Amino acid sequence: MSNINNCWGSWARQPEPIADEDIISTENCEVLILGAGISGMSCALRAAQGGAKVTVMEKGAKWSARGGNIGVAGSKYMKSLGYENDIDALSREWIKRCGSRCSEELVRLYFSRSSEAMDWLLDIVTAPEYGARPELQACIYHGETYREHMGSHRIFDGPMAKKGLRPGAADAVHAMYCEALKLGVKFIFNCSACRLIKEDGRVAATIGACADGYIRINATKGVVIATGDISGNDEMCADLAPLANRCPKIYTPVGQNTGDGHRLGLWAGGSFEQQPFPLMLHPQAYFFSSLCFLFVDKKGRRFMNEDNYIQGKCNTLLSKNMDYAWSIIDSAWAEKIPATLPYGGGIFWDIDHGPDDTEFPTEKFAGMLERGMKAGTAVMADSFEALAEKMGIDAESFSKTAEKYNAACANGKDSDFGKRSELLIPLDKPPYYALKFGSAVLAVVGGLRVGADMGVLDENNDSVDGLYAIGNAAGGRYGVDYPMVIPGNSHGTALTFGYLLGGFLTE
Ligand SMILES: Cc1cc2nc3c(=O)[nH]c(=O)nc-3n(C[C@H](O)[C@H](O)[C@H](O)COP(=O)(O)OP(=O)(O)OC[C@H]3O[C@@H](n4cnc5c(N)ncnc54)[C@H](O)[C@@H]3O)c2cc1C
């Protein structure tokens, strides 16, 4: 069986080899890591701590990181706050929510070893040199159906947060980078890995395209693909994750994550997980919150049970070809939103907060509303008819929907979509607000098939000797969808598998 599908576009075609005479320099290392994101950086540091001579080749001018939450199944810090997870139950939950299309070995490895990776990271970032502090986030969905569990860690007060970056991944990656430099890890920035060289069946070197020309780096212990996702490559998305091309993609730095490592792995004999690749989606296009009261489409009709988690809301919009929908609230939102949180919640319904902060931050939400109205992602009116006009939808249709919804709330029974009675809260305090929300792609979280040692696998489940993949370049973590069993698990798995691979390569 070939690992390259004949229907795929030109991206899948293997380019010509680069001639030796075009290579301007050659260097040697033991572990070569392609990509300086959270997965590559954790692997680099851990391998260097294990005594390896490590080189990191990075396409951009610096390391990259984004986002705040790093989700793991536990940590000493989390335990000190009195929280522990049942990792057997969580593993089963994850596998169920991924339709059993994920690799059970990887899921198990994540749940059983991620606490160790977080302890390692927290020891680094909380050292006096970085001065950061961890915070456990309780912004999780509390209902049974889409239950989310504690484990999402953020990192506050580090040097990157003080510079204005979002507290979280940036301080993790920055501190690991500084520690890696101390251990002699060599970073080659502005250099794009473009060919893998196999010798005697083993991936032995990588050629990188740098500003001055091609360089070759030989690696005796392994080449690690940590080049992130494919969201910056529309052609690859069209073949491997077509829904990704139907929503705004918000990955940064723009244009760097173009699936290079996926292609290199494929050309070296690796294979992809089943397609379409899963997407990490958040309903954050337009207004940054969608809550749970009444959602209507552009025709003013209700279309789903609003009691759903972030990925579920996005999947529903996409399956209905909707680039956006409207979420309706009324002027009593400051009491009504907190009343729903014990039953639901999670991001874009609740607001990020630490474990002790049980108050809904009304001032923050009021600020969001104000900014939304200025930006046109939120509108306000005194009646349903006037609100419909501002949303640009049919007033009669919307008013009928809103009245029917209020009647269902009064009866405590949603015969249209079966929403739980606790969440049937009427919209009866004008003025009303409509918040425009739509799906955004954070990352395409599918890639090269790997084994439990992160070794890239061919179609027959044999390892491609010398080649490894982690982070979003690796497949098997999700399979079908991005499960919010623990929020922040994209960073959590990237950190854990990078940390573990750095250890495996130096054991
Ligand atoms: C706005 C936003 C917020 C997010 N927030 C969260 C969150 O709170 N929690 C969470 O879990 N996830 C979050 N994510 C997703 C998360 O950031 C990624 O899934 C995660 O960073 C992936 O890590 P990685 O190491 O695989 O790849 P990346 O961090 O993307 O790093 C890949 C690196 O490889 C480099 N590269 C690419 N091609 C080459 C090449 N040919 N040669 C050399 N280098 C190359 C890239 O330049 C990049 O630096 C967020 C995403 C976005 C867009």
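Above: the structure in question.
Let me begin by describing the structure that accompanies this report. For clarity, every value in this text was computed on a predicted model and none was experimentally measured.

### What to know about the pattern of salt bridges
Here the structure, examined in full by the defined rule, presents 27 salt bridges. Its salt-bridge partner being Glu30, residue Lys221 comes within 3.8 Å of it at the nearest N-O pair. Of this pair, Lys221 sits in strand 9 (residues 213-225) while Glu30 sits in strand 1 (residues 23-34), placing them 191 residues apart in sequence. Take Lys221: its relative accessible area is 32%, and that puts it in the partly exposed class. Overall, the relative accessible area of 25% leaves Glu30 in the partly exposed class. Asp260 is paired through a salt bridge with Arg263; the nearest N and O atoms lie 3.0 Å apart.

### Describing helix 11 (residues 362-375)
In a regular helix each residue adds 1.5 Å, so 14 residues correspond to 20 Å; helix 11 covers 20 Å between its end C-alpha atoms and thus fits that length. Buried within helix 11 we find Phe365, Gly367, Met368, Leu369 and Gly372.

### Things to note about the nonpolar core
Nonpolar side chains in soluble globular proteins tend to be buried together. The biggest cluster of nonpolar side chains holds 117 residues, and the ones touching the most others in it are Val54 and Leu121. The dominant element in this core, judged by the number of residues it contributes, is helix 4 (residues 104-125), at 12 residues. With residues up to four places along the chain from it excluded, the contact list for Val54 reads Val31, Ile33, Ala44, Ala47, Ala48, Gly184, Val185 and Lys186. In this structure, Phe293, Tyr324, Ala388 and Tyr433 belong to the second largest nonpolar core, which totals 40 residues.

### Structural notes on the packing of helix 1 (residues 38-49) against helix 6 (residues 169-182)
At a closest axis distance of 9 Å, the pairing of helix 1 and helix 6 adopts a crossing angle of 30 degrees. Here helix 1 lies roughly parallel to helix 6, going by the angle between them. In terms of crossing hand, the pair formed by helix 1 and helix 6 is left-handed. Packed against helix 1, whose contacting residues are Ile38, Met41, Ser42 and Leu45, the element helix 6 presents Val173, Met176, Tyr177, Glu179 and Ala180 at the interface.

### Side note on the packing of helix 4 against helix 14 (residues 489-504)
Relative placement of two packed helices is described by the angle separating their axes and the distance separating the axes. At a closest axis distance of 8 Å, the pairing of helix 4 and helix 14 adopts a crossing angle of 80 degrees. Overall, the two elements helix 4 and helix 14 adopt an arrangement that is roughly perpendicular. Here helix 4 contributes Leu106, Leu109, Tyr110, Arg113, Ser114, Glu116, Ala117, Met118, Trp120 and Leu121 to the contact with helix 14, which in turn contributes Asn489, Gly492, Thr493, Leu495, Thr496, Phe497, Tyr499 and Leu500. Residues of the contact of helix 4 with helix 14, tallied by class, amount to 11 nonpolar, five polar and two charged.

### Some words on unusual backbone geometry
For the bond running from Thr252 to Pro253, omega is -10 degrees, close enough to zero to count as cis. With an omega of -5 degrees, the peptide bond running from Gln275 to Pro276 counts as cis. Positionally, Pro276 belongs in the loop between helix 8 (260-267) and strand 10 (279-286). Although it is not a glycine, Ser100 adopts a positive phi angle of roughly 55 degrees.

### Things to note about the pairing of strand 12 (residues 325-330)
For strand 12, the buried fraction is high: six of the six residues fall into the buried class. Across the two faces of strand 12 the burial is the same, with Ala325, Ser327 and Ile329 and Trp326, Ile328 and Asp330 all buried. In this sheet, strand 12 lies alongside strand 11 (residues 294-296) in antiparallel orientation, the contact comprising three bridges. Directly across from Phe295, in strand 12, lies its bridge partner Ser327. Relative to strand 14 (residues 432-444), strand 12 runs antiparallel, the two sharing six bridges. Counted as the bridge partner of Asp330 is Tyr432 from strand 14.

### Points about the sheet that holds strand 3 (residues 70-71)
Spatially, three strands are ordered 3-5-4 in an open sheet, and the strand pairing comes out antiparallel. With one partner strand each, in any of the chains shown, strand 3 and strand 4 (133-136) form the two edges of the open sheet. Bridging between strand 4 and strand 5 (residues 152-156) involves four bridges; their strand directions are antiparallel. If you follow Arg133 over to strand 5, its bridge partner there is Phe156.

### Observations concerning the state of the cysteines
The tally for this structure, following the rule as stated, stands at one disulfide. The disulfide partner of Cys191 is Cys210, and the S-S distance across this bridge is 2.5 Å. Across the S-S bond of Cys191 and Cys210 the torsion is about -60 degrees, and the bridge reads as left-handed. Highlighted residues: Cys191 in strand 7 (residues 191-199) and Cys210 in strand 8 (residues 202-210), separated in sequence by 19 residues. With a relative accessible area of 23%, Cys210 lands in the partly exposed category. Free cysteine Cys409: the closest other cysteine sulfur is in Cys292, separated by 10 Å.

### Let's talk about the site of the ligand
Inspection of the region around the ligand gives 33 residues, with Glu58, Ser64, Tyr251, Ser490 and His491 positioned closest. Separating a nitrogen atom of the ligand from a backbone N or O atom of Ala193 is a distance of 2.9 Å. Relative to its unbound accessible surface of 1000 Å², the ligand loses 94% to contact with the protein. Partitioning the shell around the ligand into residue classes produces 11 nonpolar, 18 polar and four charged.

### What to know about the pairing of strand 16 (residues 463-469)
Summarising burial for strand 16: five of the seven residues are buried, a large majority. Pairing geometry for strand 9 and strand 16, over three bridges, is parallel. Pairing of Val224 across the sheet is with Tyr468, part of strand 16. As defined by bridge partners, strand 15 (residues 455-457) adjoins strand 16 across two bridges and the pair is classed as antiparallel. What sits directly across from Leu457, in strand 16, is Ser463. Taking the residues that link successive antiparallel strands as the turn, the strand 15-strand 16 hairpin has five residues, and the phi of Asn461 there is positive, at about 70 degrees.

Each value, and the rule that gives it
- Residues numbered from 1 in each chain as written.
- Predicted model: local features only at pLDDT ≥ 70, side-chain atom pairs only at ≥ 80, totals over all residues.
- Heavy atoms only, no water.
- Salt bridge = Lys/Arg side-chain N within 4 Å of Asp/Glu carboxyl O.
- Helix = DSSP H or I, 4+ residues; strand = E, 2+ residues; numbered from the N terminus.
- Buried < 20%, exposed > 50% of the residue type's maximum accessible area, 1.4 Å probe, protein only.
- Expected span 1.5 Å × (residues − 1).
- Core = buried A, V, L, I, M, F, W, Y, C linked by side-chain atoms within 4.5 Å.
- Contact = heavy atoms within 4.5 Å.
- Axes fitted to C-alpha atoms, helices over the stretch in contact; angles between N-to-C directions.
- Parallel < 35°, antiparallel > 145°, perpendicular 65-115°, else oblique.
- Left-handed = near helix turned anticlockwise from the far one by under 90°.
- Nonpolar A, V, L, I, M, F, W, Y, C, P; charged D, E, K, R; others polar.
- Pairing = 2+ DSSP bridges.
- Disulfide = S-S within 2.5 Å.
- Near = heavy atom within 4 Å.
- Polar contact = N/O pair within 3.5 Å; in protein donor to acceptor, adjacent residues only side chain to side chain.
- Areas by Shrake-Rupley, 256 points an atom, 1.4 Å probe, with all protein chains shown as cover.

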